[in-house]
Amino acid sequence: MNDAARATPDMYGTSLAGASILVIDDEVGMRHFLTKTFEARVKRVDAVGSPAQASKALDEAQYDLVIIDNLMPGGTGLDWLNEQQRKGFFADVIMITAYADLETAIAALRAGVSDFVLKPFRANQILSAVARTLDRKYLQRDNTLLRRELSTGAQRGKLLGTSDPMETVRTMLNRLAPLPTPVLFTGASGTGKELAARHLHDASNRAEAPFVPINCATLQPDRFAQELFGSVEGEDHLKPGLLLLADGGTLFLDEVAQMPETVQAALLRVLEEKKVRPVGAEREIPLNLRFLFATNDDIEAAVAAGRFREDLYHRIHVVKIDMPHLRDRMEDIVELAAHFMAHFSESLGMPSLELDAETLLKLRRYDWPGNVRELRNLIERSVILGAFPDAFSGDGSVTGAQAIENLDLVTQRHILRMLDRCDGNRAEAARRLGVSRKTIDRKLAVWSE
């Protein structure tokens, strides 16, 4: 049994499974050997016999890694690599060669080669080199995205809530998850548009790939294109933009209505052609991305006013999901408050506060103009200060599961909230609740005792 047959994906980590590899070698036997070595272990492997054929392959597909022989008819692998850097090149490179000297090694490092493998080599040697290179590539990408996420305060967490409006949202998200369709999330600030987008990503077949959120309102207009599309800078090396870093995963463009008009046309081209041209590059690099969008602005008004391209609007507005206000899903208040209390108590290392019956009732009756974000901020602030503000504090006589789950208390919170929405009109509240006016009167009399 040869090395390739003995090798298993577990021996070389998980990075190979989703990788695409391009082999460039003028020897038919080497191309065949490398193709057989990788075809059962990676997502895609293509092999070509010349630098010219390799250039055409890069125009048609995106590769995570290129394995290239240095000495070939018509030019060296290093000459080809330097040319590709000027055009726009985003793959890592392993050079295979039978002739390695110090001068070649230095030139290869300057050109961005990640590793050398000397001919002749065995299957396990090239597999190990590829696994190391891909692990390093993905680690650098993940670190870059994580640093950015930490600096921007991107939202993480579960999409909570079992109210009817949230069940409707969750059903739509699960229906859309396996599809490549763009989705536009709308709704007021703080309603959880980014969390819904993450839920959609996590439920899709891209869940193991990056989810990259971008707030269009926070990027500098003069740097927007470079941040999004990347750029060729200094010594002809490509600095990847967020589109390339997200490749294979999901890109979430929040506050899309505030995208600079100069970038809108370029984004439309990306959506239509699934390719991106970094600033200063000659080549359009193929992309494999799911696009999600969000806005709390009136994007139709922006289109009517000429601030947002109509053709781009129709391109992103294939399916729209409107995130409900918290006041329209008040049944979820108790679950959300309990979740945030546990989260901040643990993350801040501070004692949690009792969610007593009176506090829960006050939380339920408040209108929450800032939506879930306002509730989250209130809980965090209260944990830090060690007490709820007076407007939400309670007597603490009924706490814990009894305060949260007791049927009479649940009923009380629901009825009083409905009375608030009906401006105290008991008959209208009874009609909306589907009970008699006498039931409302009887309950209120008991609660006032």
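From a predicted model like this one, the values you see are computed outputs, not experimental measurements.

Draft legend 1. The arrangement of the sheet that holds strand β15 (residues 290-295) in detail. Reading across from one edge, β9-β12-β15-β8-β16 is the order of the five strands in this open sheet, with parallel pairing throughout. Both outer strands of the open sheet, β9 (211-215) and β16 (319-322), are each paired with one neighbouring strand and no more. Going from strand to strand, the sheet's axes swing by 20° on average, the running direction of each strand aside. Contacts from helix α7 (residues 164-176) reach β8 (183-186), β15 and β16 within the one sheet, and its direction differs from that of β16 by about 150°. Helix α11 (residues 261-273) rests against β12 (250-254) and β15 of the sheet, and its axis sits at about 140° to β15.

Draft legend 2. Inspection of the environment of glutamate 358 at higher detail. Tracing the backbone shows glutamate 358 in helix α15 (residues 357-365). C-alpha of glutamate 358 to C-alpha of leucine 312: the two residues are 46 residues apart in sequence and 49 Å apart in space. Sequence-distant contacts of glutamate 358, defined by excluding residues within four places in its chain, comprise Ser393, Gly394 and Asp395.

Draft legend 3. Region of interest: the side chain of aspartate 92. For aspartate 92, the position within the fold is in strand β6 (residues 92-97). In this structure aspartate 92 comes out as buried when scored by relative accessible area, which is 16%. Of the polar contacts made by the side chain of aspartate 92, one reaches the side chain of serine 114; its length is 3.4 Å. Setting aside anything within four residues of it in sequence, one finds aspartate 92 in contact with Asp64, Leu65, Val66, Ser114, Thr133 and Lys137.

Draft legend 4. How the structure looks around the environment of glutamate 335. Looking at the secondary structure, you find glutamate 335 in helix α14 (residues 333-348). For the pair glutamate 335 and leucine 160, spaced 175 residues apart in sequence, the C-alpha to C-alpha distance is 7.6 Å. Beyond its immediate sequence surroundings of up to four residues, glutamate 335 is in contact with Leu160, Gly161 and Thr162. Among the polar contacts listed, one links the side chain of glutamate 335 to the backbone nitrogen of glycine 161, at a separation of 3.4 Å.

Draft legend 5. Structural view of the nonpolar core. Membership of the largest hydrophobic core comes to 41 residues, with the highest contact counts inside it found for Leu243 and Leu251. Sorting the residues of this core by element identifies β9, α9 (224-229), α10 (242-245), β12, α11, β15, α12 (299-304) and α13 (310-316) as the ones contributing at least two each. A per-element tally of this core places α11 first, with five residues. Not counting chain neighbours up to four residues away, the residues in contact with leucine 243 comprise Leu228, Phe229, Leu251, Val270, Val276, Leu287, Leu289 and Phe291.

Draft legend 6. Geometry of the pairing of β12. Here β12 lies mainly inside the structure; five of its five residues are buried. Burial along β12 is two-sided: Thr250, Phe252 and Asp254 facing one way and Leu251 and Leu253 facing the other are all buried. Where β9 lies against β12, five bridges are found, and the strand directions are parallel. Paired with phenylalanine 211 across the bridge in β12 is threonine 250. In this sheet, β15 lies alongside β12 in parallel orientation, the contact comprising four bridges. Bridged to leucine 253 within β15 is phenylalanine 293.

Draft legend 7. Region of the structure containing the packing of helix α4 (residues 77-87) against helix α5 (residues 102-111). Across the interface, α4 lies against α5 with an axial gap of 10 Å and an inter-helix angle of 20°. Judged on the interaxial angle alone, α5 and α4 are roughly parallel. Like other packed secondary-structure pairs, α4 and α5 cross with a definite hand, here left-handed. Judged by residue contacts, Leu78, Leu81, Asn82 and Gln85 of α4 engage Thr104, Ala107, Ala108 and Ala111 from α5.

Draft legend 8. View of a nonpolar patch on the surface. The grouping of Leu348, Ile384 and Leu385 at the surface amounts to a nonpolar patch, some 280 Å² of accessible area in total. For isoleucine 384, the location among the structural elements is in helix α16 (residues 371-385). Overall, isoleucine 384 belongs to the partly exposed group, its relative accessible area being 45%.

Draft legend 9. Structural view of the pattern of salt bridges. Following the criterion strictly, the structure yields 17 salt bridges and no others. Residue arginine 132 pairs with aspartate 115 through a salt bridge whose shortest N-O separation is 2.9 Å. Of this pair, arginine 132 sits in helix α6 (residues 123-152) while aspartate 115 sits in strand β7 (residues 115-118); the two residues are 17 residues apart in sequence, bridging distant segments of the chain. Linking lysine 362 and glutamate 358 is a salt bridge whose minimum nitrogen-to-oxygen distance equals 3.6 Å. In this pair, lysine 362 and glutamate 358 are both assigned in helix α15, four residues apart and thus about one turn of the helix distant. Its relative accessible area of 31% is what places glutamate 358 among the partly exposed residues.

Draft legend 10. Inspection of the sheet that holds strand β3 (residues 65-69) at higher detail. In spatial order, the strands read β2-β1-β3-β6-β7; together these five strands make up an open sheet with parallel pairing. Among the strands making up the open sheet, the edge pair consists of β2 (44-48) and β7. Between one strand axis and the next, the sheet turns through 20° on average, direction left out of account. When strand β1 (residues 20-24) meets β2, the two strands line up parallel, connected through five bridges. What sits directly across from isoleucine 21, in β2, is valine 45. Its contacts with the sheet put α4 on β1, β3 and β6, and the angle it makes with β3 is roughly 145°.

Draft legend 11. Representation of the packing of aromatic side chains. Within the structure shown, the criterion is met by seven aromatic pairs. Geometrically, the ring pair formed by tyrosine 366 and phenylalanine 392 is edge-to-face, given 5.4 Å between the ring centres and 90° between the ring planes. You can see tyrosine 366 sitting in the loop between α15 and α16 and its partner phenylalanine 392 sitting in the loop between α16 and α17 (400-405), a full 26 residues away along the chain. Taking the relative accessible area as the measure of exposure, tyrosine 366 reaches 29% and is therefore partly exposed. For phenylalanine 392, a relative accessible area of 10% translates into the label buried. Grouping aromatic residues by their ring pairs yields a cluster made of Tyr366, Trp368 and Phe392. The ring of phenylalanine 90 has lysine 137 lying over it, and the distance from NZ or CZ to the ring centre is 4.8 Å.

Thresholds applied
- Residues numbered from 1 in each chain as written.
- Predicted model: local features only at pLDDT ≥ 70, side-chain atom pairs only at ≥ 80, totals over all residues.
- Heavy atoms only, no water.
- Pairing = 2+ DSSP bridges.
- Helix = DSSP H or I, 4+ residues; strand = E, 2+ residues; numbered from the N terminus.
- Axes fitted to C-alpha atoms, helices over the stretch in contact; angles between N-to-C directions.
- Contact = heavy atoms within 4.5 Å.
- Buried < 20%, exposed > 50% of the residue type's maximum accessible area, 1.4 Å probe, protein only.
- Polar contact = N/O pair within 3.5 Å; in protein donor to acceptor, adjacent residues only side chain to side chain.
- Core = buried A, V, L, I, M, F, W, Y, C linked by side-chain atoms within 4.5 Å.
- Parallel < 35°, antiparallel > 145°, perpendicular 65-115°, else oblique.
- Left-handed = near helix turned anticlockwise from the far one by under 90°.
- Patch = residues over 30% accessible without salt bridge, like charges linked within 9 Å, V, L, I, M, F, W, Y side chains within 5 Å.
- Areas by Shrake-Rupley, 256 points an atom, 1.4 Å probe, with all protein chains shown as cover.
- Salt bridge = Lys/Arg side-chain N within 4 Å of Asp/Glu carboxyl O.
- Phe/Tyr/Trp six-rings, centres within 6.5 Å; stacked < 30°, edge-to-face > 60°.
- Lys NZ or Arg CZ within 6 Å of the ring centre and 35° of its normal.

By themselves these figures say nothing about function.
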